[in-house]
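# What the coordinates show
These are the residues of each chain, in order.
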Amino acid sequence: MIDEILTELRQKMNKSVESLQKDFKRIRTGRASGALLEGIKVDCYETQMPLDQVASISIPESRLITIQPWDKSITPNIEKAILKSELGLTPLNDGKLIRISIPPLTEERRKELAKLARKMSEENKIAIRNQRREANDLLKEMKNEKEISEDEMYRAQEQVQKVTDEFISAIDDVTSAKEKEIMEF
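Treat the numbers as computed from the prediction; the structure is a model and nothing was measured.

About the thresholds
- Numbering of residues starts from 1 in every chain and runs along the sequence as written.
- For a predicted model such as this one, the threshold for reporting local features is a pLDDT of at least 70, and the threshold for listing and counting side-chain atom pairs is 80 or more; totals across whole chains, interfaces and linings nevertheless cover every residue.
- Side-chain measures were taken over the full set of non-hydrogen atoms in the model, leaving aside hydrogen atoms and water.
- A side-chain nitrogen of Lys or Arg and a carboxyl oxygen of Asp or Glu constitute a salt bridge if their distance falls within 4 Å.
- What counts as a helix is a DSSP run of H or I of at least four residues, what counts as a strand is a run of E of at least two, and both are numbered from the N terminus.
- Think of it in three bands: residues with accessible area under 20% of the maximum for their type are buried, residues over 50% are exposed, and the middle band is partly exposed, with areas taken using a 1.4 Å probe on protein chains only.

### Some words on the pattern of salt bridges
Under the defined criterion, the tally for this structure stands at 11 salt bridges. In this structure, Lys 178 and Glu 181 form a salt bridge, with 3.7 Å as the shortest nitrogen-oxygen distance. With Lys 178 and Glu 181 both in helix 4 (residues 150–183) and three residues apart, this pair spans about one turn of that helix. Judged by its relative accessible area of 8%, Lys 178 is buried.

Written out as structure tokens, the structure is:
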């Protein structure tokens, strides 16, 4: 039973780290990336559709993203969706293709992005601490119902803490790598 709690805890914490890595892909670093455009919804055929489902996205150069709509009639809608997003990018439309030039980041903007990365990191650490608390509550409940002894509960709580420390460290590593990537010119 304790092993099941620890296995489930690892899975939940791993999802938190993966979620942070996915969120970090959307933070602009001065290089073009298709991940920057993830989450952008386009008005298409009277519904909201993800950008990657209505157009092909490619990166021909390190500072350029090109978007080729499959249906030319939705090109203005794609342009509006990119302008409405909070990415601060300006699309250039030539009728067939939308080009997005990725401008170099200013030092001030880099610092803002690093601060945002730290904030995202802290939110995921809080989620991991909540998962630790839930696991410890389950262990206390098992002890109160005489399913495990007090010594077993304390040993299991130590294991829970080790797992928590391991994943907090993983989040710190991912965050420092992203900060380094943001701050390099």
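That shown, we press on.
### Looking at unusual backbone geometry
In this structure, Tyr 45 takes a positive phi of about 55° despite not being glycine. The residue Tyr 45 is located in the loop between strand 1 (41–44) and strand 2 (47–50) in this model. The exposed category is assigned to Tyr 45, whose relative accessible area is 56%. With phi around 60°, Lys 146 is a residue other than glycine that occupies positive phi space.

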